[in-house]
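# Observations on the three-dimensional arrangement
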Amino acid sequence: MSEPKLSADRLLLFGATGDLSRRMLLPSLCALDADGLLSPDLKIIGTARSDMDDAEFRNLAREALETYLPDERRGGMAAFLNRLSYQALDASTLDGFGALADKVNEAGPSDSGMAIFLSTAPSLFGPTIAGLKHAGLTGDNVRMCLEKPLGTDLATSCVINDAVADAFPEDRTFRIDHYLGKETVQNLLALRFANILFEPIWNATYINHVQITVAETVGLEGRVAFYDDAGALRDMVQNHMLQLLALVAMEPPGSFDATAVRDEKVKVLRALREVDASETVTGQYRAGAISGEAVPGYDEELGKDSDTETFTAIKAHVDNWRWKGVPFYLRTGKRLPERVTEIVVKFRQVPHSIFEGLGATMMPNRLVIGIQPEENISLSLMAKVPGLAQDGVRLREVPLDIAMPDAFVGQHRRIAYERLLLDLIGGDQTLFVRRDEVEAQWHWVDAIRAAWEAAGLTPKTYTAGSWGPSAAIALAERDGVSWHE
Ligand code: BG6
């Protein structure tokens, strides 16, 4: 068990005027404040390149809160805005960091340290850390939190991680994967490790395969340069999907503690088998329609031809005893027919059917864990269709459904960043990604990209509003598996 940490009483936000800050970070912090979860001593210092004073930054924050936070969660907004101050900074040179340190100190003496959140272009990570060091802002009571993308491959991610490690040891480095802040993702741990039912059958003897789908209806969303250099594999699989896979596949940790949980996840990530190009599919959307509305193709949004994949499906394997021979089918894409993130665990057929010969059709049990937009868990069971027929037994699959919002009426739906910011301020690393995890993730993903390159694979086209190229359906159907839709 790690030492309990003191809650930081300073939060320094780099990229404070940017999209993530306005959409997620400021609203999350305000919502935490409204719920009384922030210490009255916490001061939030924003910094970015734009020249503005405290009052202008508070105005920007107010507009962001009014746009992105529902009315009922804005209680105490004025008090929250009073926590904010701002210092303009060009993080690419050392010059302004002295003034930034003065601004941090202006907030008064800190009793319990500072958390720094870097939500800037990764090219600024190195210079920012050098600047913080120069200005004496990297002391033992300072934590560093980083947003993705942390590199574009293993080598570039090591450069970033080395630059961070130069000033912040691993136990003060917090790498965000915002999927870990989602309530239903954490609920996966509760489902697996707070119930006796699942763990005994959570293995290759009883599970046929696992599917993980992260489908989005959005397209490029104006992130032209970033996305075209990344693609679905690096944007979604390398981080979010592999974290989901690790939570499904990991061994039970000894405790709900940062070291114990992350030790188990990294073992899974390291056990991922190198994938052959023939076990993957890539796609790129063309013009189509989503919910009846016409949308342009990726090439049209981009304004040029590109070989970047906006869809990928991969048949993955975890090479260990528990998962021997159990495929994990992963698929993610932009401009798919619906926004849905879900994990499907398909169990094996019963070993012997007593109903055979009585006309009954048997379906293997299936557990569907809906992460978004609906948070629900559904277990399909076989049941007898009521009736007195004497010529056989009719069975049908019926779902045992738990809709989380119904089960926990009166609880807020929280933004993933609320959990993560609270844990950052409180110093709990359990839901943050450790360096060895990130590196294992990149190692596996880099090998897939190399395999694509060696095979000369280019994305197949798919119509926006469809479930990706037909090859993705074939990838599963070759094994007699259908994607859950
Ligand atoms: C981000 C990706 O990490 O996750 C985006 O860069 C993607 O491309 C987003 O749209 C999805 O997050 P969520 O929480 O909406 O599923």
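Residues numbered from 1 in each chain as written. Predicted model: local features only at pLDDT ≥ 70, side-chain atom pairs only at ≥ 80, totals over all residues. Heavy atoms only, no water.

In this section: the overall build of the protein chain. Along the protein chain, the regular secondary structure elements total 14 helices and 17 strands. Structurally, the protein chain occupies a C-alpha span of about 85 × 50 × 45 Å along its principal axes. Put simply, the protein chain has 485 residues, and 53% of those count as buried. The contacts in the protein chain between residues at least 6 apart in sequence include a share of 78% that link residues at least 24 apart. In the form shown here, the protein chain has an accessible surface area of approximately 21,600 Å², with 52% of it arising from carbon and sulfur atoms. Side chains of the protein chain give 49 positive and 69 negative charges; the mean places of these two sets differ by 3 Å. (Helix = DSSP H or I, 4+ residues; strand = E, 2+ residues; numbered from the N terminus. Buried < 20%, exposed > 50% of the residue type's maximum accessible area, 1.4 Å probe, protein only. Contact = heavy atoms within 4.5 Å. Areas by Shrake-Rupley, 256 points an atom, 1.4 Å probe, with all protein chains shown as cover. Lys, Arg positive; Asp, Glu negative; His and termini not counted. Charge placed at Lys NZ, Arg CZ, Asp CG, Glu CD.)

Time to look at the site of the ligand. As a matter of local geometry, the ligand sits amid Lys 148, His 178, Tyr 179, Lys 182, Glu 216, Arg 223, Asp 235, Met 236, His 240, Lys 334, Arg 339 and Gln 372. Contacts to the ligand include Arg 223, whose side-chain N or O atom sits 2.6 Å from an oxygen atom. Contacts to the ligand include Arg 339, whose side-chain N or O atom sits 3.2 Å from an oxygen atom. Summarising the interface, the protein chains cover 83% of the accessible area of the ligand, which totals 400 Å² for the free molecule. The element best represented in the shell around the ligand is helix 8 (residues 224-249), accounting for three residues. A class-by-class count of the residues in the shell around the ligand yields two nonpolar, three polar and seven charged. (Near = heavy atom within 4 Å. Polar contact = N/O pair within 3.5 Å; in protein donor to acceptor, adjacent residues only side chain to side chain. Nonpolar A, V, L, I, M, F, W, Y, C, P; charged D, E, K, R; others polar.)

We now examine the sheet that holds strand 7 (residues 207-215). Reading across the sheet, the nine strands line up as 16-15-14-13-7-12-11-8-17 and stay open at both edges, with mixed pairing between neighbours. On the outer flanks of this sheet lie strand 16 (395-403) and strand 17 (460-463), each paired with one strand and no other. In this sheet, adjacent strand axes meet at a mean angle of 20 degrees when their direction is disregarded. The pairing of strand 15 (residues 376-384) with strand 16 spans nine bridges and is classified as antiparallel. In the sheet register, Ala 383 faces strand 16, and the bridge partner there is Arg 396. Helix-sheet contacts for helix 7 (residues 183-193) involve strand 13 (340-347), strand 14 (366-372) and strand 15, and the interaxial angle to strand 14 is about 150 degrees. Sitting on the sheet, helix 14 (residues 470-477) is in contact with strand 8 (280-286), strand 11 (311-316), strand 12 (328-333) and strand 17, with an inclination near 10 degrees to strand 11. (Pairing = 2+ DSSP bridges. Axes fitted to C-alpha atoms, helices over the stretch in contact; angles between N-to-C directions.)

On to the pattern of salt bridges. Applying the stated criterion to the full structure yields 34 salt bridges. With its nearest N and O atoms 2.8 Å apart, the salt bridge here joins Arg 435 to Asp 162. With Arg 435 in helix 13 (residues 435-455) and Asp 162 in helix 6 (residues 154-165), the pair connects residues that are 273 residues apart, well separated along the chain. Linked through salt bridges whose partners overlap, the residues forming this network are Asp 35, Arg 73, Arg 414 and Glu 418. (Salt bridge = Lys/Arg side-chain N within 4 Å of Asp/Glu carboxyl O.)

Our focus in this paragraph is unusual backbone geometry. Here the residue pair Lys 148 and Pro 149 is connected by a cis peptide bond, since its omega of 0 degrees sits within 30 degrees of zero. One can find Pro 149 in the loop between strand 5 (142-146) and helix 6. Here the residue pair Gln 372 and Pro 373 is connected by a cis peptide bond, since its omega of 0 degrees sits within 30 degrees of zero. By the element assignment, Pro 373 lies in the loop between strand 14 and strand 15. Even without glycine at this site, Glu 221 takes up a positive phi of about 50 degrees.

All right, on to the packing of helix 1 (residues 19-34) against helix 12 (residues 416-426) then. Packed helices, taken two at a time, are described by the angle between their axes plus the distance between the axes. Packing of helix 1 against helix 12 leaves a shortest axis separation of 9 Å and a crossing angle of 70 degrees. Classified by the interaxial angle, the pair formed by helix 1 and helix 12 is roughly perpendicular. When you trace helix 1 past helix 12, the crossing you get is right-handed. Residues Leu 20, Met 24, Leu 25, Ser 28, Leu 29, Ala 31 and Leu 32 of helix 1 form the contact with helix 12, whose participating residues are Tyr 417, Glu 418, Leu 421, Leu 422 and Ile 425. (Parallel < 35°, antiparallel > 145°, perpendicular 65-115°, else oblique. Left-handed = near helix turned anticlockwise from the far one by under 90°.)

A word on the side chain of Lys 315. Locating Lys 315 in the fold gives a position in strand 11. Here Asp 479 takes part through its side chain, which lies 2.9 Å from a polar atom of the side chain of Lys 315. Excluding residues within four positions of it along the chain, Lys 315 makes contact with Val 275, Glu 279, Pro 327, Phe 328, Tyr 329, Leu 475 and Asp 479.

Assignment of secondary structure puts Val 214 in strand 7. Dropping the residues within four chain positions of it, Val 214 is found in contact with Tyr 179, Met 236, Met 241, Leu 244, Arg 331, Thr 332, Gly 333, Val 340 and Thr 341.

Turning next to the pairing of strand 4 (residues 114-118). Along any regular strand the residues' side chains alternate between the sheet's two faces. In terms of burial, strand 4 is largely enclosed, as five of its five residues are buried. In strand 4, alternate side chains face the same way, and those of Met 114, Ile 116 and Leu 118 on one face and Ala 115 and Phe 117 on the other are all buried. In the sheet, strand 1 (residues 10-14) pairs with strand 4 via five bridges, with the strands oriented parallel. Of the residues in strand 4, the one forming a bridge with Arg 10 is Met 114. Where strand 4 lies against strand 5, five bridges are found, and the strand directions are parallel. Note on strand 5: the bridge partner recorded for Met 114 is Val 142. With helix 5 (residues 125-134) bridging strand 4 and the parallel strand 5, this β-α-β connection has right-handed handedness. (Right-handed = clockwise from strand over helix to strand, strands pointing away.)

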